Amino acid sequence: MEEKIQEEEERGYGKIDILPVVEGEEPIEEVIKSLVEGESVFQSYGTARVKVGSKIKQIPIKSVDMEKVVKALSSKKPKPPTDRVQIRANSKEGKEAGLKRDRWVEVALETDEAYQERLQEYNAELGYLVILHGLNVQLKTKDGIIVWEPDNPNRQDKEEALRVLRSMGLTGWQFTQISDAVRDLTKFAEEELEKNSEEE
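Keep in mind it's a predicted model, so treat the numbers as computed, not measured.

S.K.: Is there a simple way to think about the nonpolar core in this case?
M.R.: One broad rule of soluble globular proteins: the nonpolar side chains tend to lie buried together. Ranked by internal contacts, the top residues of the largest apolar core, which has 26 residues, are L132, L139 and L165. Listing elements by their share of this core, those giving two or more residues are β1 (45-52), α2 (66-73), α4 (113-134), β6 (146-148), α5 (158-166) and α6 (172-184).

S.K.: Explain unusual backbone geometry here, please?
M.R.: Trans is the prevailing form of peptide bonds, just as negative phi is the prevailing case for residues other than glycine. Of note, D151 is a non-glycine position whose phi angle comes to about 60°, a positive value. Mapped onto the elements of the fold, D151 is located in the loop between β6 and α5.

S.K.: How should I be thinking about the side chain of T141 in this particular structure?
M.R.: Along the chain, the position of T141 falls in the loop between β5 (139-140) and β6. Judged by its relative accessible area of 13%, T141 falls in the buried class. Sequence-distant contacts of T141, defined by excluding residues within four places in its chain, comprise V147, E160, R163 and V164.

S.K.: Even after reading the chapter, I still don't get the pattern of salt bridges, so can you show me in this structure?
M.R.: Where charged atoms from two side chains of opposite charge come close, those side chains can pair. Evaluated as defined, the whole model comprises 10 salt bridges. The shortest N-O distance in the salt bridge between E149 and R155 comes to 3.2 Å. Overall, E149 belongs to the buried group, its relative accessible area being 8%. A relative accessible area of 37% means that R155 is categorised as partly exposed. Bridged by salt links that share partners, the residues K76, E125, K158 and E159 form one connected network.

S.K.: Explain the side chain of E125 here, please?
M.R.: With respect to the secondary-structure elements, E125 resides in helix α4. Judged by relative accessible area, which is 13%, E125 ranks as buried. Residues in contact with E125, not counting those within four places in the same chain, are L73, K76, E159, L162 and R166.

S.K.: Just to check I follow, could you spell out the pairing of β1 for this structure?
M.R.: The side chains of a regular strand alternate, residue by residue, between the two faces of the sheet. Examined bridge by bridge, β1 and strand β2 (residues 55-62) share 8 bridges and lie antiparallel to one another. Within β2, the residue paired with A48 across the bridge is I59. The turn joining β1 and β2, which pair antiparallel and follow one another in sequence, is formed by 2 residues; a positive phi near 65° is taken by G53.

S.K.: Teacher, can you tell me more about the packing of aromatic side chains here?
M.R.: Geometrically, a pair of aromatic rings is defined through the distance of the ring centres and the angle of the planes. Tallying each qualifying case throughout the model produces 1 aromatic pair. Arranged with centres 5.0 Å apart and planes meeting at 70°, the rings of Y128 and F175 form a pair that is edge-to-face. A residue pair is termed long-range when its members are at least 10 positions apart, and Y128 in helix α4 and F175 in helix α6 qualify at 47 residues. On the accessibility criterion, Y128 (13% relative accessible area) is buried.

What counts, and at which threshold
- Residues numbered from 1 in each chain as written.
- Predicted model: local features only at pLDDT ≥ 70, side-chain atom pairs only at ≥ 80, totals over all residues.
- Heavy atoms only, no water.
- Core = buried A, V, L, I, M, F, W, Y, C linked by side-chain atoms within 4.5 Å.
- Buried < 20%, exposed > 50% of the residue type's maximum accessible area, 1.4 Å probe, protein only.
- Helix = DSSP H or I, 4+ residues; strand = E, 2+ residues; numbered from the N terminus.
- Contact = heavy atoms within 4.5 Å.
- Salt bridge = Lys/Arg side-chain N within 4 Å of Asp/Glu carboxyl O.
- Pairing = 2+ DSSP bridges.
- Phe/Tyr/Trp six-rings, centres within 6.5 Å; stacked < 30°, edge-to-face > 60°.

Structure (structure tokens):
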């Protein structure tokens, strides 16, 4: 058994959790005695199961550093337009804010149609980027050129990899199945959260 674990650790891409959590089984608990720089004690591996017609396809995945993903898109996050509005001191809002006199304020127009469209595009790109970073397989063009290699920043062309990923015809449900599987690698299920609360 130990030889198999070592073999899977060295294999690299497509490796699965050494101790996978199987439905109905209790997760294995481990006490960490120290955290050492460079060790990936928080990295998780697993498999996303995606339904394609009558088949179930398994895609190797890994946990994602969401802060890194969001930061990569921070310059593209749209800002809502604003408008200057006067709040009267004797209005409901003015009284709630404790205003002594009328005041002009900048108000974000969150419902603006153009802003909502840009926000949808941003959220879609963010979702694809989460999936891209969560894939533990190489992504190639139809010509066999590697445009994304997990854990190798020198072989990660984000724009081209996103184009290739989008061109693969992922349906909304498949997209959700993969992103949920990536998220679930490090998220407790409701029952596990309840159990943790009871133990505290």
